[in-house]
Amino acid sequence: MSDDIKGKDKGLITRRKFLAGLTAGVAATGLAAGDAGAYAFEEFFRQHYKRLDADDLRDILAKLEEELSFKYGKKVRAKATPPMDNTVFGYALDLSRCIGCRRCIYACVKENNLSRDPQIHWIKVLEFQKGNNKWQGLEHSNRYYEPEQVPQKGRFYVPVQCQQCKKPPCVKVCPVQATWQEPDGIVVVDYNWCIGCRFCMAACPYGARNFNWGKPNIPNEEFNPEIHYLGNRPQYKGVVGKCTFCIQRSREGRYTACVEACPVGARKFGNLMDPNSEIRYILENMKVFRLKEEIDTNPKFFYFFSMGTGIKS
Amino acid sequence: MAIDAINGIVRTVVTGSKEYKAWIGFLSLLALVGIAFVFRQIDQGLIATNMRDDVSWGWYIANFTFLVGVAAAAVVLVIPYYIYDFKPIGEIVLIGEIMAVAAVSMCLMFIVLDMGSAERFWHLIPMIGIFNFPQSILTWDVVVLNMYLILNLSLVIYALSKTYAGKSYKTKLIMPFIFFSVPAAISIHTVTAFLYLGAPSRPFWNTAVLAPRFIASAFCSGPAFMLIIFQIIRKTTKLKIADEALHKVAEIVTWCMAVNLFLLGSEVFKEMYSATAHIEPFNYLWNGLRGHSQLVPWIWTALIVNSIAFLILIVPSIRKNFFMLNIACAFIFVGVYIEKGMGLIFPGFIPGTLGDIYDYMPNAMELWISLGVWAIGLLIFTVGAKICIAIKTGEIGHADPAAHH
């Protein structure tokens, strides 16, 4: 599918150049309010990510760096690192270790420049009662638990984020292909292409997609200046965002922010194609399961219990 | 000739009884209030609505869904008149098509209002943008709704321009389009139902009976509305509409409501007898779930008014009493509005995929904006119907008012 888009539209580059010329023309005649106006014009007519050639992308990233450095008062580095060869990312979460502390959520919010007000979380930690036989359907969860201390006696915790399905229902329903699966298995969103219809949110079985209902707000001092075009760059009002396995980190061989933040080592991440990776060890030696297997979305996000009965509480 | 026609049409639209002018004024005012609120929504974003991540579609999509149904009304007239040659409906079939045009226009307005980044609509245009066809059912809906709009608009304009000129239609020319409008009407409901029922993430929608039920209830709500409109039209204009025509439409509504209630029964049985974890949204709607029960009074109201309407309609002698018929029609309109709107869309999201219960109800802004859309839709219908009647009764143009077309 990704190749379809590229193959079909060889004529687009000329149109882009034409538009670029038009942009310059508008700016020169003073129709638009200087550079900002020209930038808005370019942004409005910007093509889908997969239709941008290397020159387009370089210009866009440079503009983005300039704009964001000015806005957040720090040097921003914008990348569009492509997927690595022979790499498909997978994730495993040890439910017997998770203590429900939500440090992963806060690390994710900071790393991914998620809006603080309105508040957006790409990770949700669900709390369940032990002994509740209905927990795997997720209906009997509580996301808004507030005890003095975690883990609380008689409770256990299931963090949920994008499951990076191999058969993602969200991708199928998007009317404009603003969301797609990359060769390394990560499902991404082009925040400049999404029209905000939210069909993907209706289709996602894991509540893993978040809409920017209002204008996102990120405090300058907490802004993460290392950004990826398909990942943690600031999103816009009226578009959908989601976990990208920290694409800005994982594509450079680093762990995701949630893996690094977990104080109990419950989160495991790696390359499913590498037979020596930790993730492969877990899949081959632990009893793993995935959420909502019955709808066959084929997630690359696995859950397991390393200690059988769970931690003492 | 063309100038004459335009003059005539403009004169028809701007002149009329006191009631007509008051009605137009009232609708325009509502439309303006709605538009004022739209500016607020554009400024703040959809956060100004009560929708949130847990219930990510709300009142706008509920209205959209209901109005796709209303747009079917035309076909309920087209089938008996053109296909079974039931003559008395001839006078009103165009009014039905104008209603379809108004209803689909409202659908498109509701969709645009619900888009977070509507200014990017060009991303949907094939070639320039990316039209994810046939993968995304939403693109199918874009195709069939626009096709249905253009089809009905063309048929109305063709018929009226011929009538205006005092000529008869070239039946051979339009019959293929008329026949095509029947599956086209079915397709807009089917595809709209498929938007929802194709999502295994939402057990409440994930039922094959959704599409047939859409069609059954659609063939109730649109015609019910029209039955009332036709009586107003024949009281206030020179257009003659025979009782027979109204009785025929009422009969169709009766049997469609029977099918609708039967399919509801099938759904109730399936959910309650199998009683899997997937019953939760159903329980939320009909009984309340874990202390949340705000939709319960609404859905029971819908069931009760639909059932009463069905009982009125099922007895021919009662159905033929216009007072009783009007009560039944009003009940059906309200009943299906609740059932196909909040009764279908909201519980699809409650509880959410992770088990959250967010008690969504639209806020005042959503209600005002929706009222504005309804006002614009009714303006399109009123003005369209007035022009149509003026041409058909020979007030403007060269129609022979005595002849059926």
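Predicted model, so just to flag it, every value in this text is computed and none were measured.

Analysis parameters
- Residues numbered from 1 in each chain as written.
- Chains lettered and ligands numbered in written order.
- Predicted model: local features only at pLDDT ≥ 70, side-chain atom pairs only at ≥ 80, totals over all residues.
- Helix = DSSP H or I, 4+ residues; strand = E, 2+ residues; numbered from the N terminus.
- Rg over C-alpha atoms; globule rule 2.2 N^0.38 Å.
- Buried ≥ 20, exposed ≤ 12 C-beta atoms within 10 Å, placed from the backbone.
- Contact = placed C-beta atoms within 7 Å.
- Core = buried A, V, L, I, M, F, W, Y, C linked by C-beta atoms within 7 Å.
- Pairing = 2+ DSSP bridges.
- Nonpolar A, V, L, I, M, F, W, Y, C, P; charged D, E, K, R; others polar.
- Axes fitted to C-alpha atoms, helices over the stretch in contact; angles between N-to-C directions.
- Parallel < 35°, antiparallel > 145°, perpendicular 65-115°, else oblique.
- Left-handed = near helix turned anticlockwise from the far one by under 90°.
- Expected span 1.5 Å × (residues − 1).
- Arc of directions from axis to C-beta.
- pLDDT = per-residue confidence, 0-100.

S.K.: Please explain the overall build of chain B as it appears in this structure.
M.R.: Counting its secondary structure elements, chain B contains 15 helices and zero strands. Its C-alpha atoms give chain B a radius of gyration of 22 Å, within 12% of the compact-globule value 22 Å for 405 residues. For chain B, the spread of C-alpha atoms along the three principal axes comes to 65 × 55 × 40 Å. The buried share of chain B, taken over its 405 residues, is 46%. Relative to all contacts within chain B whose residues are 6 or more apart in sequence, the contacts with residues 24 or more apart total 79%.

S.K.: Any chance you could explain the overall build of chain A here in plain terms?
M.R.: When helices and strands are tallied, chain A shows ten helices and twelve strands. For chain A, with 313 residues in total, the buried portion stands at 44%. The long-range share in chain A, meaning contacts at least 24 apart out of those at least 6 apart in sequence, stands at 66%.

S.K.: For this particular structure, what's the right way to read the nonpolar core?
M.R.: As a rule of thumb, nonpolar side chains are buried together in soluble globular proteins. Residue and element names in this part refer to chain B. Counting residues in each nonpolar core, the largest one holds 198 residues, and the members touching the most others are A71 and I332. A per-element tally of this core places helix 5 (residues 93–114) first, with 15 residues. When neighbours within four sequence positions are excluded, I332 is seen to be in contact with C220, S221, A224, V253, M257, N306 and A309.

S.K.: How do you make sense of the pairing of strand 2 (residues 89–94) of chain A when you look at a structure like this?
M.R.: Taken residue by residue, a regular strand's side chains alternate between the two faces of the sheet. All names here are of chain A. Counting buried positions over the six residues of strand 2 gives six, a clear majority of the element. A two-sided burial pattern is seen for strand 2, the buried positions comprising F89, Y91 and L93 on one face and G90, A92 and D94 on the other. Sheet analysis places strand 2 next to strand 10 (residues 267–271), joined by five bridges and oriented antiparallel. Bridge pairing links F89 to N271 in strand 10.

S.K.: Explain the interface of chain A and chain B here, please?
M.R.: One frequent convention defines the size of an interface as the accessible area lost when the parts assemble. Listed by partner, the interface residues are 43 residues for chain A and 35 residues for chain B. When contributions to the side of chain A that touches chain B are tallied by element, the ones reaching two or more residues are strand 3 (124–129), helix 6 (169–173), helix 7 (199–203) and strand 7 (209–211) of chain A. Counted by class, the side of chain A that touches chain B contains 25 nonpolar, ten polar and eight charged residues.

S.K.: Would you mind showing me how to read the sheet that holds strand 12 (residues 301–304) of chain A here?
M.R.: Backbone-to-backbone hydrogen bonds join strands into a sheet, with any given pair of strands oriented parallel or antiparallel. Residue and element names in this part refer to chain A. Here four strands make up an open sheet; going across it, the order is 10-2-12-11 and the pairing mixed. Of all the strands in the sheet, just strand 10 and strand 11 (288–289) have a single pairing partner and so form its edges. Helix 10 (residues 278–285) rests against strand 2, strand 10, strand 11 and strand 12 of the sheet, and its axis sits at about 110 degrees to strand 10.

S.K.: Looking at this model, I keep getting lost on unusual backbone geometry. Mind explaining?
M.R.: Where the residue is not glycine, phi is negative for most of them; where a peptide bond is considered, it is trans in most cases. The omega angle of the peptide bond from V150(A) to P151(A) is -10 degrees, so this bond is cis rather than trans. By the secondary structure assignment, P151(A) is in the loop between strand 3 and strand 4 (155–160). Here the amide bond leading from I350(B) into P351(B) is cis, since omega sits at -5 degrees, within 30 degrees of zero. Tracing the chain through its elements places P351(B) in the loop between helix 14 (342–348) and helix 15 (364–392).

S.K.: Help me out: how do you make sense of the packing of helix 3 (residues 59–70) of chain B against helix 7 (residues 171–197) of chain B in this one?
M.R.: Geometry of a packed helix pair, given as the angle between the helix axes and the separation of the axes. Residue and element names in this part refer to chain B. Where helix 3 contacts helix 7, the two axes come as close as 9 Å, and the packing angle between them is 155 degrees. Relative to helix 7, the element helix 3 is oriented roughly antiparallel. In this structure, the crossing between helix 3 and helix 7 has a hand that is left-handed. In contact with T65, V68 and G69 of helix 3, helix 7 contributes I188, H189 and T192. For the contact of helix 3 with helix 7, the class distribution of residues is two nonpolar, four polar and no charged.

S.K.: I would appreciate a short explanation of the pairing of strand 12 of chain A in the present structure.
M.R.: Residues and elements named next belong to chain A. Sheet topology places strand 2 next to strand 12; four bridges connect them, and they run parallel. Its bridge partner lying in strand 12, D94 is registered against F304. Bridging between strand 11 and strand 12 involves two bridges; their strand directions are antiparallel. Each bridged residue has a counterpart across the sheet, and for F289 the counterpart in strand 12 is Y303.

S.K.: Which parts of the structure should I look at to understand the environment of L138(A)?
M.R.: Mapped onto the fold, L138(A) is located in the loop between strand 3 and strand 4. Taking the C-alpha atoms as reference points, L138(A) and L126(A), twelve residues apart in sequence, are found 8.3 Å from one another. Once residues within four sequence positions are removed from consideration, L138(A) is found in contact with L126(A), L354(B) and G355(B).

S.K.: Any chance you could explain helix 5 (residues 103–111) of chain A here in plain terms?
M.R.: Given 3.6 residues per turn, any residue in an α-helix points the same way as the ones three and four places further on. Residue and element names in this part refer to chain A. Along helix 5, the positions that sit buried rather than exposed are C104, C108, V109 and E111. Looking at the buried positions of helix 5, the neighbouring elements they touch are strand 4, helix 9 (257–261) and strand 10. Note on helix 5: the residue one or two positions beyond its end, N113, has a positive phi of about 55 degrees.

S.K.: For this particular structure, what's the right way to read helix 11 (residues 296–314) of chain B?
M.R.: Residues and elements named next belong to chain B. Its 19 residues place the ends of helix 11 27 Å apart at the C-alpha level, agreeing with the 27 Å of an ideal helix rising 1.5 Å per residue. Those residues of helix 11 not exposed but buried are I299, A302, V305, N306, A309, F310, I312 and L313. Along helix 11, the residues classed as buried sweep out an arc of 160 degrees about the axis, all on the same side. Turned more than 90 degrees away from the buried face of helix 11 sit P297, I304 and L311, all of them exposed. Lining the buried residues of helix 11 we find helix 9 (243–274), helix 10 (280–286), helix 12 (316–319), helix 13 (322–340) and helix 14.

S.K.: Teacher, can you tell me more about the packing of helix 8 (residues 210–236) of chain B against helix 9 of chain B here?
M.R.: Residue and element names in this part refer to chain B. Taken N-terminus to C-terminus, the directions of helix 8 and helix 9 make an angle of 150 degrees; their axes are 8 Å apart at the nearest point. Accordingly, the angle class assigned to the pair helix 8 and helix 9 is roughly antiparallel. Crossing handedness for the pair helix 8 and helix 9: left-handed. The residues of helix 9 that touch helix 8, namely those facing P212, R213, A216, S217, F219, C220, P223, A224, M226, L227 and F230, are L246, V249, A250, I252, V253, C256, M257, V259, N260 and L263. Residues of the contact of helix 8 with helix 9, tallied by class, amount to 18 nonpolar, two polar and one charged.

S.K.: Hey, could you run me through the environment of H278(B) in this one?
M.R.: Mapped onto the fold, H278(B) is located in the loop between helix 9 and helix 10. In this structure the C-alpha to C-alpha distance between H278(B) and P203(B), which are 75 residues apart in sequence, comes to 5.8 Å.

S.K.: Whenever I open this one, the confidence of the model for chain A confuses me. Can you help?
M.R.: Close inspection of predicted coordinates is inappropriate for parts of the model with low pLDDT. Residue and element names in this part refer to chain A. Confidence in the prediction of chain A, expressed as mean pLDDT, is 88, and 86% of residues score 70 or more. Contacts for the low-pLDDT stretch residues 1–18, under 50 throughout, to residues beyond four places or in other chains number 15 contacts. Every residue in residues 21–32 scores below 50 in pLDDT, and together they form 15 contacts with partners more than four places removed in sequence or on other chains.

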